[in-house]
Amino acid sequence: MGTKIISHEDTDKIMDLLMFRTIEKVDDNCLYLDNGVTLEIIPNRGGCDCGAGDYYLTALNHVKNAITYVNFVEDEVTDLKTSEYRQVYSIYVYAEHYQLLASCEGDDGSGYYGTGYDIHVTFPDEREVQ
């Protein structure tokens, strides 16, 4: 099996993996595509006690129909009670209708501890993402 790690910033590579595919199964933090490819969403872990750079997978959804459009949205959301903000990285797809495929939320802090998520891509054979 071939494996590749893709950053959330590599939107062209993620789009190439998802376009015209269907999601056969969703389990924990993995999407299983109809061509045997597995996408494991790994939220960033900042590695410090302060929580800076820590992200959490907040949504991962099934898509029955073929994906014909992929949109990446980066947003900042503010909690009205605490006035704290968090970054939200989301992947939306069009597969019969526009819907949320995956979303990670967290806090960049100073920016030193990283951000977003990676995708560990496992192929059913030895091919890799170019």
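Structure: see above.
Attention here is on the structure that accompanies the text. (Residues numbered from 1 in each chain as written. Predicted model: local features only at pLDDT ≥ 70, side-chain atom pairs only at ≥ 80, totals over all residues. Heavy atoms only, no water.)

Digging into the state of the cysteines
Part 1 of the reasoning: This structure, assessed with the given rule, holds zero disulfides.
Part 2 of the reasoning: Left without a disulfide partner, Cys104 is nearest to the cysteine sulfur of Cys30, which lies 13 Å away. (Disulfide = S-S within 2.5 Å.)

A closer look at the nonpolar core
Part 1 of the reasoning: By size, the foremost hydrophobic cluster in this structure holds 27 residues, and its most contacted members are Leu18, Leu39, Ile67, Ile91, Leu101, Tyr117 and Val121.
Part 2 of the reasoning: Broken down by secondary-structure element, the contributors of at least two residues to this core are α1 (11-18), β3 (30-33), β4 (38-43), β5 (55-60), β7 (85-94), β8 (98-106) and β9 (117-122).
Part 3 of the reasoning: Leave out the neighbours within four places in its chain, and Tyr117 touches Ser7, His8, Ile14, Ile41, Ile42, Pro43, Asn44, Phe72, Tyr89, Ile91 and Cys104. (Core = buried A, V, L, I, M, F, W, Y, C linked by side-chain atoms within 4.5 Å. Buried < 20%, exposed > 50% of the residue type's maximum accessible area, 1.4 Å probe, protein only. Helix = DSSP H or I, 4+ residues; strand = E, 2+ residues; numbered from the N terminus. Contact = heavy atoms within 4.5 Å.)

What about a nonpolar patch on the surface?
Part 1 of the reasoning: A surface patch of nonpolar side chains, about 320 Å² in accessible area, is lined by Tyr69, Tyr94 and Tyr98.
Part 2 of the reasoning: Among the structural elements, Tyr98 can be located in strand β8.
Part 3 of the reasoning: Relative accessible area serves as the criterion here: at 41%, Tyr98 is assigned to the partly exposed category. (Patch = residues over 30% accessible without salt bridge, like charges linked within 9 Å, V, L, I, M, F, W, Y side chains within 5 Å. Areas by Shrake-Rupley, 256 points an atom, 1.4 Å probe, with all protein chains shown as cover. Salt bridge = Lys/Arg side-chain N within 4 Å of Asp/Glu carboxyl O.)

Re the side chain of Asp54
Part 1 of the reasoning: Note that Asp54 resides in the loop between β4 and β5.
Part 2 of the reasoning: Despite being buried, Asp54 has no salt bridge partner; Arg45 is the closest side chain of opposite charge, sitting 4.9 Å away.
Part 3 of the reasoning: Residues within four places of Asp54 in sequence aside, it is in contact with Asn44, Arg45, Gly46, Gly47, Cys48, Glu105, Gly106 and Asp107. (Lys, Arg positive; Asp, Glu negative; His and termini not counted.)

A look at the environment of Ile42
Part 1 of the reasoning: Mapped onto the fold, Ile42 is located in strand β4.
Part 2 of the reasoning: The class of Ile42 is partly exposed, set by a relative accessible area of 26%.
Part 3 of the reasoning: Contact partners of Ile42, with chain neighbours within four places excluded, come to Asn29, Tyr117, Asp118 and His120.

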